[in-house]
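# Summary of the model geometry
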Amino acid sequence: MVDEVLDGRGTVLPVPADDADQTSLLTTALRAGEEIDDDVAVVLSTSGTTGTPKGALLTVSALVASAQATHHRLGGDGRWLLALPAYHVAGFQVLVRSVVAGTDPVAIPATFDGAELVSAVAALGPGRRYASLVAAQLDKALKDPGAAEALAELDAVLIGGGPMPAAVAEKASAAGISAVRTYGMSETAGGCVYDGVPLGGVGVSVADDGRISLGGPTIASGYRNPVTPDPFAESGWFRTDDIGAVDDSGVLTVLGRVDDAISTGGLTVLPALVEAAVASHPAVAECAVFGVADERLGQRVVAAVVAAPGATITLSELRSHVAGSLPSTAAPRQLHLVDALPRRGIGKVDRRELARVYASTS
């Protein structure tokens, strides 16, 4: 199917094979079967934070440019492990890279267990070998010695779909896994910035307000369902909803999303920065930081924490720990200990769901 798309023999709308309701929603909202520009190769669903599918319109040239730039950065063509749904950009691009490289991917379920991962890596055979995962999958694999050893055999493991917690990155490094943080989205044909450095041909611009824009040959031509203001208004560029900074070496750091920012006491707090501080506490296995309404402050900073096995932590301990590296304004004023964090899509933490659940908790 993907080889036909890259040959210009049609336009596809990838949908989940096992979710009839989602498939119906996407095909209706993105008008499957209706007229579309001839140069559009694929419509990849993307809702951002609106919940309404917009549909990134990607051309063959954008898909191929992304695949070629990835292989160039990683050291050459190779064979890929497909462990993410192909209706998400990360999974779809594994298929594109495979076609461009003239190889066949080895597919396993996104919910793979250790044994499945070990077998899949072995099935990749000799030569350069790669995988594309999300941080939650990497964290799961690290808990299985055999799976961790299998990933360490690969030339690179791309980690996208959201930030990779520092603790997970440290464990991956200790296990000898060549984990590469990627930043991108459907609108950029997938990851286009690796470990903070743009791929060849990709441009990064940060506005005075911190808003990140990405440009270059991998950018989508627009949305199937356009929005206002148009993030593609500047030709060849996509204005993201992310806030970031570029250091003197040209390395991009993504600090968080505009709509995740917490306004508390007249100051702005970015959850990602607080999460990094919270996660550095030894009693914390996983965490998410979000804002809920507060009559006095406007919003208050709240943390949901999955404690490390056998560990305990109190709010006062957490506040003191965070205040050691960030302004006291950023320290959580409320702590919820949870068994697991809610996730959406391919593993992103659902801060909105947490905010909804704990909105009425004083």
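In the block above lies the structure referred to throughout.
Residues numbered from 1 in each chain as written. Predicted model: local features only at pLDDT ≥ 70, side-chain atom pairs only at ≥ 80, totals over all residues. Heavy atoms only, no water.

To continue, consider the overall build of the protein chain. Helices and strands together make up the secondary structure of the protein chain, namely 11 helices and 20 strands. By its C-alpha atoms, the protein chain is 60 × 50 × 45 Å across when sized along the principal axes. Going through the 362 residues of the protein chain one by one, you find that 47% of them count as buried. If you take every contact in the protein chain between residues at least 6 apart in sequence, the share linking residues at least 24 apart comes to 61%. The average position of the 26 basic charges and that of the 41 acidic charges among the side chains of the protein chain differ by 5 Å. (Helix = DSSP H or I, 4+ residues; strand = E, 2+ residues; numbered from the N terminus. Buried < 20%, exposed > 50% of the residue type's maximum accessible area, 1.4 Å probe, protein only. Contact = heavy atoms within 4.5 Å. Lys, Arg positive; Asp, Glu negative; His and termini not counted. Charge placed at Lys NZ, Arg CZ, Asp CG, Glu CD.)

The next subject is the pairing of strand β6 (residues 156–160). Counting buried residues in β6 gives 5 out of 5 residues, a clear majority hidden from the surface. The alternating pattern of β6 places A156, L158 and G160 and V157 and I159 on opposite faces, both of which are buried. Both β6 and strand β7 (residues 179–185) contribute to a ladder of 3 bridges, which runs parallel. If you follow L158 over to β7, its bridge partner there is V180. Handedness of the crossover is the feature at issue here: the chain leaves β6, passes through helix α8 (residues 166–174), returns alongside β7, and the resulting connection is right-handed. (Pairing = 2+ DSSP bridges. Right-handed = clockwise from strand over helix to strand, strands pointing away.)

Spatially, 4 strands are ordered β10-β11-β12-β13 in an open sheet, and the strand pairing comes out antiparallel. Taken across any chain shown, the strands that pair with only one partner, and hence form the sheet edges, are β10 (203–206) and β13 (252–257). For this sheet, the mean angle separating the axes of adjacent strands, direction not counted, is 50°. (Axes fitted to C-alpha atoms, helices over the stretch in contact; angles between N-to-C directions.)

Taken in spatial order, the 7 strands of this open sheet run β4-β3-β5-β6-β7-β8-β9, and their pairing is mixed. At either end of the open sheet lies a strand with only one pairing partner, and these are β4 (106–107) and β9 (197–198). Sheet topology places strand β8 (residues 190–194) next to β9; 2 bridges connect them, and they run antiparallel. Paired with Y194 across the two strands is V197, which belongs to β9.

With that settled, the discussion passes to helix α6 (residues 135–142). For α6, the buried fraction is high: 6 of the 8 residues fall into the buried class. Of the surrounding elements, those touching the buried residues of α6 are α5 (114–123), β5 (129–134), α7 (145–152), β6, α8 and β7.

Turning our attention to unusual backbone geometry. P229 follows T228 through a cis peptide bond whose omega is -5°. Relative to the helices and strands, P229 resides in the loop between β11 (211–215) and β12 (237–246). Even without being a glycine, A189 presents a positive backbone phi close to 60°. Of note in this structure, D195 is not a glycine but carries a positive phi near 50°. Turning to its location among the elements, D195 is positioned in the loop between β8 and β9.

Another aspect to go through is the nonpolar core. L58, L63, F92 and L214 are the most contacted members of the largest nonpolar core, which totals 41 residues. In this structure L58 touches D39, V40, A41, V42, L44, L63, S186, A189, T218 and A220, once residues within four positions along its chain are discounted. One finds V121, L138, L142 and A169 within the second-largest nonpolar core, a separate group that totals 27 residues. (Core = buried A, V, L, I, M, F, W, Y, C linked by side-chain atoms within 4.5 Å.)

Any two side chains of opposite charge can pair if their charged atoms end up close together. Tallied over the full model, the rule gives 15 salt bridges. The partner of R211 in a salt bridge is D241, and the shortest N-O contact between them spans 3.2 Å. Taken together, the residues R211 in strand β11 and D241 in strand β12 connect sequence positions 30 residues apart. The exposure class assigned to R211 is buried, which follows from its relative accessible area of 15%. In the salt-bridge network here, residues are joined through shared partners; they are R211, D241, D242, R257 and D259. (Salt bridge = Lys/Arg side-chain N within 4 Å of Asp/Glu carboxyl O.)

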